[in-house]
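The residues making up each chain are set out below.
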Amino acid sequence: MNATSTPAGVIWDITYACPLRCSHCYSESGRRPSPQPTTRQLLRMADAFLSLRPRQIVITGGEPLLVPGLFDVAARFSDAGVPVTLYTSGWRVDRPLARELLRAFPTVAVSLDGATAEVHDRIRGRALSYARATNTLRLLDEASRGMREQGAAPGAFGVDVAVMRSNLHQIETFCTTVAPRFPELGHLVYTLTLPAGLAGREGFADHELLDDEQARWLTGPHWLEHLQSLAPAGLRVAVEDHQRQMTHPDDVAQGRIVPLMRVAPDGGVHAMPVYEGTVGSVLDEPPLVLWERAVARWSDPFVVRTLAPVKTMRDWAEAVRLIDYHFGSPADRARIDRRPAFPV
Ligand code: SF4
């Protein structure tokens, strides 16, 4: 068995429904129809993922909390002992739901893209989204503390920041001002925004994606040390750079790809996590067959020809547009054609 014979992890966009309208949304959620599989179909998909023995499953979207059957899925993964991280915008979480989330999911990550309402709401495209996300963090904090006080393990939750130019000036503020408000917070992860989905459209790289120097600076070890020194004691701070998800031919040749399977709400398996274009659905075919088809795409002549010359974030955004258009379905292409250039 080699390193890519099965995926190390599964990223499941469990729905494309979402109340927010983020400028950088990788899945273009809230602006496209979202299939709504039945709970039985969701469980079939969950079983398909489990058959691949992934080390980690990420449930994202869209807003997963809109999906009926989400907690059945969580129970299925929990019974199998596979760690799951649930991502939410925190738009609609009340006290009972906060408790339920921490009990059902090993990790809950709330997306927060601004350290202030002004920045977060602008990026997220909806007024009050900062107030709602931070209220969710407060409720998770309270629920986690309650679990600890009852002698149970505290719930694990954290903040995930998609870093782009609009919030780069607030990087330290997340550590100094936001994190101390939630004493139970376990992690604060900064993730460099990639040119996927809406973040790959015309103009986005020029205005919002970090340029290559900014990306190098943020992912350097000294900067991480600095951020950790600003954060409350016990909070884990990380900076994640997923540029290997470009699937650059050099990385493929040298085995430097982290093999991840990204799955759409209808069970469609993306050939490559960052790009449009699927290779079939886990509801129709064995997941291992689909995975092998996906891995073959990494060496497709069009992919190699398009990605080989990529050197900069801007080049990559251009390559994403070409690959998405080439491998996307007619519906994908029509959706891509409708994307407004950034800024709108
Ligand atoms: S909250 Fe997430 S899924 Fe919804 S629009 Fe924003 S990035 Fe997309």
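Residues numbered from 1 in each chain as written. Predicted model: local features only at pLDDT ≥ 70, side-chain atom pairs only at ≥ 80, totals over all residues. Heavy atoms only, no water.

### Examining the overall build of the protein
Filter applied, for reference: Numbering of helices and strands starts at the N terminus; helices are DSSP runs of H or I of at least 4 residues and strands are runs of E of at least 2. C-alpha atoms define the radius of gyration in this analysis, and the globule rule sets the expected value at 2.2 Å times the number of residues to the power 0.38. The buried label applies to any residue whose accessible area, calculated with a 1.4 Å probe on protein chains only, is under 20% of its type's maximum; exposed applies above 50%, and partly exposed to all values in between.
Helix and strand content of the protein: 15 helices and ten strands. Relative to the 2.2 N^0.38 estimate, which gives 20 Å for 344 residues, the radius of gyration of the protein is 19 Å and therefore close to what a compact globule would have. In terms of principal-axis extent, the alpha carbons of the protein reach across some 55 × 45 × 40 Å. Within the span of the protein, comprising 344 residues, buried residues form 55% of the whole.

### Points about the packing of aromatic side chains
Stated precisely, the cut-off is as follows: Stacked, edge-to-face and tilted labels apply to pairs of Phe, Tyr and Trp rings (six-membered ring for Trp) whose centres lie within 6.5 Å, assigned for plane angles under 30 degrees, over 60, and everything in between, in that order. Any Lys NZ or Arg CZ found within 6 Å of a ring centre and within 35 degrees of that ring's normal is scored as a charge over the ring.
Scanning all chains against the criterion turns up eight aromatic pairs. On the numbers, 6.1 Å between centres and 85° between planes, the contact of Phe174 with Tyr190 is edge-to-face. Of this pair, Phe174 sits in helix H7 (residues 171-178) while Tyr190 sits in strand S6 (residues 187-192), and the two are 16 residues apart along the sequence. Exposure class is identical for Phe174 and Tyr190. Each is buried. Each ring, one from Trp217 and one from Trp223, has its centre 4.7 Å from the other, and the planes form 35°; the classification is tilted. Judged by relative accessible area, which is 15%, Trp223 ranks as buried. Three or more aromatic residues joined by ring pairs make a cluster, and in this case those are Trp12, Phe49 and Phe77. Seen from the ring of Phe327, Arg297 lies directly overhead, with NZ or CZ sitting 4.0 Å from the centre. In this arrangement the basic side chain of Arg333 is found over the ring face of Tyr325, its NZ or CZ atom lying 6.0 Å from the centre.

### Details of a positive patch on the surface
Heads up, the rule is: Residues form patches when they are more than 30% accessible in relative terms and have no salt bridge. Like charges link within 9 Å. Nonpolar side chains (Val, Leu, Ile, Met, Phe, Trp, Tyr) link within 5 Å. Accessibility throughout is a Shrake-Rupley quantity obtained with a 1.4 Å probe, and a residue counts as covered only by protein chains that appear here. A pairing counts as a salt bridge when a side-chain nitrogen of Lys or Arg comes within 4 Å of a carboxyl oxygen of Asp or Glu. Here Asp and Glu are counted as negative and Lys and Arg as positive; His is not counted, and neither are the chain ends. Positions of charges follow a simple convention, taking NZ of Lys, CZ of Arg, CG of Asp or CD of Glu.
There is a patch of like positive charges on the surface, built from Arg21, Arg31, Arg92, Arg126 and Arg132. Along the chain, Arg126 turns up in the loop between helix H4 (117-124) and helix H5 (129-149). Look at Arg126 and you get partly exposed, because its relative accessible area is 35%.

### A closer look at the side chain of His120
As a reminder of what qualifies: Two residues form a contact once any of their heavy atoms are found within 4.5 Å.
Looking at where His120 falls in the secondary structure, it is placed in helix H4. Look past the residues within four positions of His120 in its chain and what remains in contact with it is Ser111, Leu112, Asp113, Gly114, Ser129, Tyr130 and Ala133.

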